[in-house]
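Residue strings, one per chain:
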Amino acid sequence: MQKITLDGLVAYLKEQGFVFQGSEIYGGLANAWDYGPLGVELKRNIKDAWWKKFVRENKYNVGLDSAILMNKEVWVASGHIGSFSDPLVDCKKCHSRYRADKLIEDFTHGQITGDGMSNDELTKFINDNKIVCPTCGALDYTSIRQFNLMFKTHMGVIEDAKTEVYLRPETAQGIFVNFKNVQRTTRRKLPFGVGQIGKSFRNEITPGNFIFRTREFEQMELEFFCKPGTEIDWFSYWRNYCMGFLKSIGVDGDKLRFRDHDKKELSFYSNATTDIEFEFPWGFGELWGIASRTNYDLNAHMTHSKESLEYLDPEDNTKYIPYVVEPSVGVERMLLSVLFSAYDEETDQNGQTRTVLRLHPALAPYKVAVLPLIKKNHAEKANEIFELYSSYFQTTYDETANIGKRYRREDAIGTPFCVTVDDNTLAEGTVTVRDRDTMEQISLKIEDVIPYVLGKLKF
Ligand code: ATP
């Protein structure tokens, strides 16, 4: 059972300094969020964990950081200018706007997604099932029209059609257009993958559910290039790899499921797609999309740019356009599933509620809190210890309030270890290390805490 509602989590994250409303002192900007001192650390740790597992530790893969602004022709070739759109309907009575497919998805509690339905099929489904406007209850919609999700702006001082550029709606295209550069400079043979983390922008019709669907977000994408005919095996490899990764960083396995796309739902270029879904408080939602995309993307860029993106296979001297398997996940959605998995409340022997964020130590904003037992006696030594530890891992220092209160504070923000500095530290060079989850305490030499904590960061 989830221990906290969505509203509860939003309030909690604001209170603790994880996530704030964007532009708050000006009344906010709808659907924009800022990450506070703890949120930025947690987000960075999630990205580092992904990078470690998908780029550094995987022998097939390398990394890339491509520009957000790209030549407009990239988006013509990829099909985004022509068809990166969602089906938009307005309620004629109250003028609320909706994504037609999401109306169906919400109405059927995620049983039917509306993906792959034509506009006529969507309209018929809405009318047959009398899916009324969630705001005013009317069943009186405009006909469906396609709304392009890309943000458009201009490059340079003149604003005309020639200077139009788009904020990228995904990071993937930056990888495709660099396929040859990466292959040539790394002298890689197939199969190999290119990973990238970066901001993406989509002018979503109905953003919401806090950071689940926003207009500015970050993606962690891998494009894995392989020989045609091997892609389904690689698809299953990455499908399992992604699921294994989520569980290893502490996402609750009982709340995760695969949802394989059936024939009707598959994009025309894909021969296998699955979503890893997480059970959020409002129901299951897509966390990670994994798609076998055939050679659609490289082929489109090759045709449009007239540059060859073929690969000469040294094994059998054949030339072909590589096939691609793409696991693509949003940082914010991963963060949300991590938080819903980690949040816990328990009652102690005195009947008091203890809030514990049971984050994997690798993700915790701080690994260690250094706490002098009595400020006037132990603060100087504690400061020295803080300086030592903070060069190895994220460390915080707190000398306010009684020790019990400080422990509770650290539990609530997920700090796995509290290091208390007391008279024994001054006399013998030992500290007390308290474990967040078990609340057990052990005594260690000051310097032995470093390998002890580093050992717990593995996942
Ligand atoms: P949805 O059906 O939820 O709109 P999608 O299928 O369009 O998602 P993809 O294009 O496959 O999403 O993007 C890959 C991943 O990027 C998603 O699985 C999700 O984790 C993340 N993502 C996509 N759109 C958003 C968004 N607006 N806000 C936050 N994360 C997003």
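Parameters and conventions
Residues numbered from 1 in each chain as written. Predicted model: local features only at pLDDT ≥ 70, side-chain atom pairs only at ≥ 80, totals over all residues. Heavy atoms only, no water. Phe/Tyr/Trp six-rings, centres within 6.5 Å; stacked < 30°, edge-to-face > 60°. Helix = DSSP H or I, 4+ residues; strand = E, 2+ residues; numbered from the N terminus. Buried < 20%, exposed > 50% of the residue type's maximum accessible area, 1.4 Å probe, protein only. Lys NZ or Arg CZ within 6 Å of the ring centre and 35° of its normal. Core = buried A, V, L, I, M, F, W, Y, C linked by side-chain atoms within 4.5 Å. Contact = heavy atoms within 4.5 Å. Pairing = 2+ DSSP bridges. Axes fitted to C-alpha atoms, helices over the stretch in contact; angles between N-to-C directions.

Peer 1: How would you sum up the packing of aromatic side chains? Please name residues and give values.
Peer 2: The tally for this structure, following the rule as stated, stands at 35 aromatic pairs. Look at Trp 50 and Phe 54: their rings are 5.1 Å apart centre to centre, the planes differ by 10 degrees, and that puts the pair in the stacked class. One end of the pair is Trp 50 and the other is Phe 54, both in helix α2 (residues 37-56) and four residues apart, which spans about a single turn. Just as Trp 50 is buried, Phe 54 falls in that class too. Taken together, a centroid distance of 5.7 Å and an interplanar angle of 25 degrees make the contact between Tyr 237 and Tyr 241 stacked. Of this pair, Tyr 237 and Tyr 241 both sit in helix α9 (residues 231-248), four residues apart, which is roughly one turn of that helix. Residue classification places Tyr 237 among the partly exposed positions, given a relative accessible area of 29%. One aromatic cluster in this structure is built from Trp 50, Trp 51, Phe 54, Tyr 60, Phe 224, Trp 234, Tyr 237, Trp 238, Tyr 241, Phe 245, Trp 288 and Phe 459. Here the basic side chain of Arg 257 rests over the ring of Phe 284, its NZ or CZ set 3.8 Å away from the ring centre.

Peer 1: Can you tell me about the nonpolar core, naming the residues and giving the values?
Peer 2: Formed by 59 residues in total, the largest nonpolar core has its most connected members in Ile 46, Trp 50, Trp 288 and Met 334. Every element with two or more residues in this core is listed here: α1 (6-16), α2, β10 (216-226), α9, β12 (272-280), β13 (283-292), β16 (323-330) and α11 (331-342). Sequence-distant contacts of Trp 50, defined by excluding residues within four places in its chain, comprise Val 55, Gly 195, Gln 196, Ile 197, Met 220, Glu 221, Leu 222, Phe 245, Trp 288 and Val 329. Counting 18 residues, the second largest nonpolar core, distinct from the first, contains Phe 176, Phe 192, Phe 225 and Leu 298.

Peer 1: Outline the pairing of strand β17 (residues 343-347), listing residues and values.
Peer 2: Pairing analysis gives five bridges linking β17 to strand β18 (residues 353-357), with the strands arranged antiparallel. When the bridges of β18 are listed, Glu 346 appears paired with Arg 354.

Peer 1: Break down the sheet that holds strand β11 (residues 256-260) for me, with residues and values.
Peer 2: Strand order in this open sheet of seven strands is β3-β9-β10-β16-β13-β12-β11, and the pairing throughout is mixed. Taken across any chain shown, the strands that pair with only one partner, and hence form the sheet edges, are β3 (61-63) and β11. Neighbour-to-neighbour, the strand axes of this sheet turn through a mean angle of 25 degrees, independent of strand direction. Pairing of β12 with β13, which is carried by nine bridges, proceeds in the antiparallel orientation. In the strand pairing of β13, Glu 279 is matched with Phe 284. Strands in contact with helix α8 (residues 179-186) are β3, β9 (192-201) and β10; relative to β9, the strand with the most contacts, it is inclined by about 140 degrees. Docked against the sheet, α9 engages β3, β10, β11, β12, β13 and β16, running at close to 140 degrees with respect to β13.

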